[in-house]
Structure formats: structure tokens, C-alpha cells
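Here are the chains, one letter per residue:
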Amino acid sequence: MTSAQVFRGLREVPKYAFLTIVAAVSIGPLYFMAVSATNTSNDVLASRMLPGSSLIQNWQTLLGQQDVYAAMYHSTVNAVATTVLALVVSSIAGYGFEVYHSRNKDRLMWVLMLAMMIPFAATMIPLFRLFANFGLINSVWAVVLPAIATPLLILMFRQSARSFPHEIIEAARMDGLGELSIFFRMFVPTMRPTYAAAAVITFMAAWNNFLWPKVILVNADYQTMPMLISNFTGGYVIDYGALMLAVLIASLPTIVIFFVLQRSFVAGFTGVVK
Amino acid sequence: MTTPAALTELGDTKKSMKRPKGPSPKLSPAARRRSLTGWAFLLPAAALIGIMMFWPMFQALILSFKTGRGTNLAFADPLWFNYTRMLHDEVFIQTIKTTMLYLVIQVPIMLISALVLANILNNPRLRFKGFWRTAIFLPAAISLVSYSLVFRTIFATDGLVNDWLLALHLIDGPVNWLGQPGTARMVIILGLLWRWTGYNMIFYLAGLQNIDPTTIEAAKIDGAGPLRTFFSVTIPQLKPMILLTVIMSINGTLQMFDESFNLTQGGPANTSMTMSHYLYKVSFQNNPNFGYGAALSYVILIMVAILAAIQMKVGDKRD
């Protein structure tokens, strides 16, 4: 190494020190959460930062106080149903806007995009009354239906449909393929990265949704994981070890999905942004 | 959730609106059938957005002129009763102030940090890039309720932060972080910064990767230093992305609920409560009042609309 290289290397030190601090602050609370899930409540309050041996005991405490299995089941059903339906409805709409383009469809798109500006708070009470009228309080449909069609997901699919070669569509029509078959057999398989990216953001949003399920799932038997951990703190004595275990369990699915799909997530977005 | 797609799309839609009309207003049978197929493809999404968003928004307006308890509602006399009631509602005025405080302090700090981090991570010579990016983005994978409870545990009177500060002799006795108005709000702001900075950084990284490197090279050849290049070449090209993140953050802050509800429970004495949290309390707790809640929701809607409109205008002017 020449002295110039050493000098350049030294100049890099503050940058890496800064990044290390930022990364530590970012991961710190997550590390604390994971470690605390294995410690007793007293150890958590004593700020023990090393893994303990109370994982099983915390799990039993948690099961004794909360119906974790039911909450996991409801969260999974809600999030999976939302994601699947949202991908189908939004991708077919995005494809429709782009492939069967017309002036009036553009106008409709513009109107739908206005919906992005509507805060959820402004629709929450009438939505609650709407579902109450149809006797759908505590039902999966009430959780899923408002989350299926979002203007942004439609935009995302329309944007990726733009890069889908129209010659393929023409050729498929010549071969006598129906319009729906073209969509399912040609478009869906080619757009896998976009579907992956859309699935990640939709699943995370649905899994983590708190306010609306809290409003519409009145019966405690139907509670989701975020509701469970929120209710956990309602008691007089909080078992912090068990609480942190519940928080960890509630966070695991989104963290796992994030890591599994990280690669296609980035690829999907790059395709969309281009 | 918002995606970078929105940004490129906003511009594109304007363009396609100006597209010339088709060659002939009369369509061939095959073309007409295809156009109908297209409409059929849009129908489910359009119907859902209409029923789940536009219709309730309209209903909320009517509801905001009614009063009563529970489902027993009648038009108020005078009609604007709910709106005048707000002017004397000290708790609501407090929640507006608190929400604005979060907005003014947290959003600029978060977006500037995200921009700086994205700029550092975009350097092709940086080592362990994947690690830094994952580490900084990871908080965004955690639910708002989860992180609120982790922060609540860390900032408890007998929690981690007090233990460490005491060990370092930075404080004399444990601080009741969540029990005092100033510190309770500060903890919420710290939580928001922790959860959302990495999220916004990803948007800036995507934006930076779309910048043509030759423009940066050209600036260097013209003798611009790194700071000058950053402010005169990089920032202007990132402007659409910056605009998007600003709108998203303002929108998100104005609608904030989970942190206020789970981290501080709005306390002490409602000083850290957000507008949405108060709206929830009015509409669904104690004596539910849907009419007043709907009026409150319209104030939030108008605030979001005004701020978004200002942002669009400001963003346009700089072009």
C-alpha cells in the first residue's frame, strides 16, 4: 500500500463509523426484542442484553394469557386473502388500463388516483356502518374488502404492463387465444418480479394493519396478532418476557418474507421505476 | 403503501391524457369487443374503490351534519353544530397542535437523514453495501404496534434507556419518559424516526440509481466539488422522489394512530395524542358519537388535501 492509499483508507473511517452507529441503532431495538423473548420479566427490566433460558416459560405464560394460535390463524387468513385478492384485482385492472387503453379509461384512472388522498379516518365510520348493515362485523370480508383495491397497486401493475411487449399480445390473438387466457398465460408468468414486490408490500400492510381490524373485529375471539399484543398490555402486571415473545412472533412472518423476497423485491421495483 | 411507481406514473398519466384521439370514433366489432373486455378488466377494482373509498367519504360528509348517540342519529340544528363544537374542543385543538409538532420536527429530520444515508450507500466503492441497506431498512418490516410496544418497554421508568443513562451517570435518577408531555412526545418522534428513515432511504436509493452517472461526471469535469454536485446535480434530479416522500410522510403523520394508541396511550393528559387517535376515541369509545367523529374526519381530510395541494404546487414551481 502506498501512503496515498493509506490516507484514502483513513478518510473512509468516519463514513464507516457513522454507518456502524446507524446500523446499530436500527438493529438495537430488534435485538433487544429478540433477546428479551428468552429472558424473564425481571431480566428484561434489568436490561439484560444476553439471551436467557426462559423462552419456554415465556411461551407458556403467553399461552396461558392469550389465544396465540387463534390470533395467528386470523392474521394469516386475513393477510393471505387480502394479498391474493389484491394481486388478482389490481394486476388485471393495471393490465386493462394499459393494454385496452382509451381516453375514458385514462379519465377513470385519474379519478381512482384521487382516492389516494382520502385518509382512512374519513371513511372509517361509514365503512363500519356499511358492514354493520350487512351483518359483516367480525367477518373476514369486512377486514379484507376495503384493502383489496388500492390505486397504488393498480399504478404499479399498469407501469409494468407498459414494458410488456404488445407484439406478444397480437401474436397470441392471431393464435386464437382469448383475452383472459392472454392475461393469465402470458402476462402473469412474465411479471413475476412485479407480483413478488406487490405481494411483499400488500402482505406486510395487511399483516400489520391495526386500526381497522380493531374497529371491525369487535369480538375478542377474532382478534389478530397486532390486536393481541396491544391487548397484552391492558392487564395490571405485564410479563415483559412473554410480551416481547408475542411481539417477536407477530413480527417474524413479515421479517421472514422480507428476507426471502428481498431479491425479487428489489428487482420488481427496478422494473417498475424504469 | 406508496411505491415509486406513483411517481413516474403521475407524470405519465398527464402525457397520455394528451394523446390524440383514435383515428375514427367508429370502432370495428372486434375493437369494440376488446374495449369492452378492457372495461370488464377494470370493473372489479373500480367498483371496490368506489364502494370502499368514495362512497364512505360522501357518507361521512352527511354524517358530519348529524348528532346523536350510537346509531340513533338526526340532522343537527344548526347543521354545522359539529363543526362549531370543534372550535371549543380543547382536546381536539391539542391533538392538532401535537400532530403538527410531530410533522414539523420529525418529517424534515427523517427525510434529510434518509437522503444522506442513501447518498452514502449509493457509492459503488462502499463495502458491505447489502448489510448496511438491510440493517437500515429492517425496522420498516416491523409492525407499528410491535415497535410501539418495544419502545414503550425500552423507555419505561425501569427500562433500558434509564438503566444505561444511569450507568453512564448522565442522569441522577430515572426519568419518567412516557409520563411527561415533552419527553412522551420526544419518544414518539424517536420511534417514528427509527421506523421510517430506512423506508424513505429505499425510495431515494431507487431514485439515485436512475440518475444518469454522466451528469455527475460532467459536473466533476466542470470543477464542482462533491457538495456542489450533490446540491446542483443530484438533488434536482431527485426532486420527484423527494416530493413523493414528502407527501407520503405528511399524509402518514396526519393519519398517525398506532404509536399514539400503543406507545403513550395519548398521555399524559392527552398531550401526545394524535388527531386519528382522538377520532377513534370519539367514535368508538365511551359514548360513541359518529356524527362528531365524521366531522373530525373531514377536518383531517381537508388538512391532507390542502397540504398535498401545496406540496404539488411547490414541486411544480421549482421545475
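Calculation criteria
- Here the residue numbers are simple positions, counted from 1 along each chain's written sequence.
- Chains and ligands are labelled sequentially in the order written, the chains with letters from A and the ligands with numbers from 1.
- Side-chain atom pairs in this predicted model are given and counted only at pLDDT of 80 or more, local residue features only at pLDDT of at least 70, and totals for whole chains, interfaces and linings cover all residues.
- Only heavy atoms go into the side-chain values, all of them from the structure, while hydrogens and water stay out.
- Secondary structure counts use DSSP, requiring at least four H or I residues in a row for a helix and at least two E residues in a row for a strand, with both numbered from the N terminus.
- For this analysis, residues touch if any pair of their heavy atoms sits within 4.5 Å.
- For a helix, the expected span equals 1.5 Å multiplied by the residue count minus one.
- To get the bend at a residue, fit one axis to the 7 residues ending there and another to the 7 starting there, then take the angle between the axes.
- Each residue gets one of three labels from its accessible area relative to the maximum for its type: buried under 20%, exposed over 50%, partly exposed in between, using a 1.4 Å probe on protein chains only.
- Stacked, tilted and edge-to-face are the three classes applied to pairs of Phe, Tyr and Trp rings, where Trp contributes its six-membered ring and a pair requires centres within 6.5 Å; stacked means planes under 30 degrees apart, edge-to-face means over 60, and tilted covers the rest.
- Any residue with an atom within 4 Å of a point lines the site, the site being either a cavity, points on a 1 Å grid over the protein atoms alone where a 1.4 Å probe fits but cannot get out, or a pocket, an open set with protein on both sides within 12 Å along at least 5 of 7 lines.
- Grid points are joined across faces, edges and corners, and a volume is the space filled by probe spheres set on the points.
- Residue type decides the class: Asp, Glu, Lys and Arg count as charged, Ala, Val, Leu, Ile, Met, Phe, Trp, Tyr, Cys and Pro as nonpolar, and the leftover types, Gly among them, as polar.
- UniProt positions are given in the numbering used here, feature names are shortened, and annotations may be inferred rather than shown by experiment.

Student: Help me understand the environment of Phe151 of chain B, please; the structure alone is not making it clear to me.
Tutor: Counting through the fold element by element, Phe151 of chain B comes out in helix α6 (residues 144-154). Considered as a pair, Phe151 of chain B and Ile96 of chain B are 55 residues apart in the sequence and their alpha carbons are 23 Å apart. When sequence neighbours within four positions are dropped, the list of residues in contact with Phe151 of chain B reads Pro29 of chain A together with Val187, Leu190, Gly191, Trp194 and Leu263 of chain B.

Student: Is there a simple way to think about helix α6 (residues 120-133) of chain A in this case?
Tutor: Counting along an α-helix, one turn takes 3.6 residues, and residues three or four places apart therefore face a common direction. Residues and elements named next belong to chain A. Along its 14 residues, α6 runs 20 Å from first to last C-alpha, staying within 8% of the 20 Å computed at 1.5 Å per residue. The largest bend along α6 measures about 30° and falls at Pro126. Burial analysis of α6 places 10 of its 14 residues in the buried class, which makes it a mostly covered element. Within the span of α6, buried status applies to Ala121, Ala122, Thr123, Met124, Ile125, Pro126, Leu127, Phe128, Leu130 and Phe131. Positive backbone phi, approximately 65°, marks Gly135, located one or two places after α6.

Student: Quick question: what am I supposed to make of the packing of aromatic side chains here?
Tutor: We describe a pair of aromatic rings using the distance from one ring centre to the other and the angle between the two ring planes. Residues and elements named next belong to chain B. Counted according to the given criterion, the structure contains 37 aromatic pairs over all chains. Between Tyr147 and Phe151, the aromatic rings sit 5.6 Å apart at their centres with planes inclined by 85°, giving edge-to-face as the arrangement. Separated by four residues within a single helix, Tyr147 and Phe151 lie in helix α6, roughly one turn from each other. For Phe151, a relative accessible area of 6% corresponds to the buried category. On the numbers, 5.2 Å between centres and 65° between planes, the contact of Tyr199 with Phe203 is edge-to-face. Of this pair, Tyr199 and Phe203 both sit in helix α8 (residues 181-209), four residues apart, roughly one helical turn.

Student: Explain the layout of surface pockets to me, please; I cannot follow it from the model alone.
Tutor: To locate leftover empty space, one rolls a probe as large as a water molecule over the atoms. Space inside the second largest pocket adds up to approximately 1100 Å³. What lines the second largest pocket is a set of 25 residues, and nearest its centre among them are Asn119, Asn123, Ile216, Lys220 and Pro226 of chain B. Elements with a minimum of two residues in the lining of the second largest pocket: α1 (3-36) of chain A together with α4 (90-121), α9 (213-221) and α10 (226-254) of chain B. At five residues, the largest contribution of residues to the lining of the second largest pocket is made by α10 of chain B. Of the residues belonging to the lining of the second largest pocket, the class tally is 11 nonpolar, six polar and eight charged.

Student: Would you take a moment to explain the UniProt feature "domain: ABC transmembrane type-1" (unreviewed entry) in chain B for this structure?
Tutor: What UniProt calls "domain: ABC transmembrane type-1" (unreviewed entry) maps, in this numbering, to residues 96-311 of chain B. The distance from the first to the last C-alpha atom of residues 96-311 of chain B is 20 Å, and the span holds 74% helix and 0% strand.

Student: Can you walk me through empty space enclosed by the protein in this structure?
Tutor: Residue and element names in this part refer to chain B. For the structure on display, the rule yields two cavities of 30 Å³ or more. The calculated volume of the largest cavity comes to roughly 40 Å³. Lining the largest cavity, in full, are Ile247, Ile250, Asn251, Val304, Leu307 and Ala308. Secondary-structure elements contributing two or more residues to the lining of the largest cavity are α10 and α13 (290-317).

Student: I'm lost on the UniProt feature "transmembrane region" (unreviewed entry) in chain A in this one. Help?
Tutor: All names here are of chain A. The UniProt entry lists residues 16-34, 77-97, 109-128, 134-157, 195-217 and 237-261 under the feature "transmembrane region" (unreviewed entry), expressed in the numbering used here. Structurally, residues 109-128 is divided into 75% helix and 0% strand, and its ends, taken at the C-alpha atoms, are 27 Å apart. For the annotated span residues 134-157, helix accounts for 67% and strand for 0% of the residues, and the straight-line distance between the end C-alpha atoms is 32 Å.

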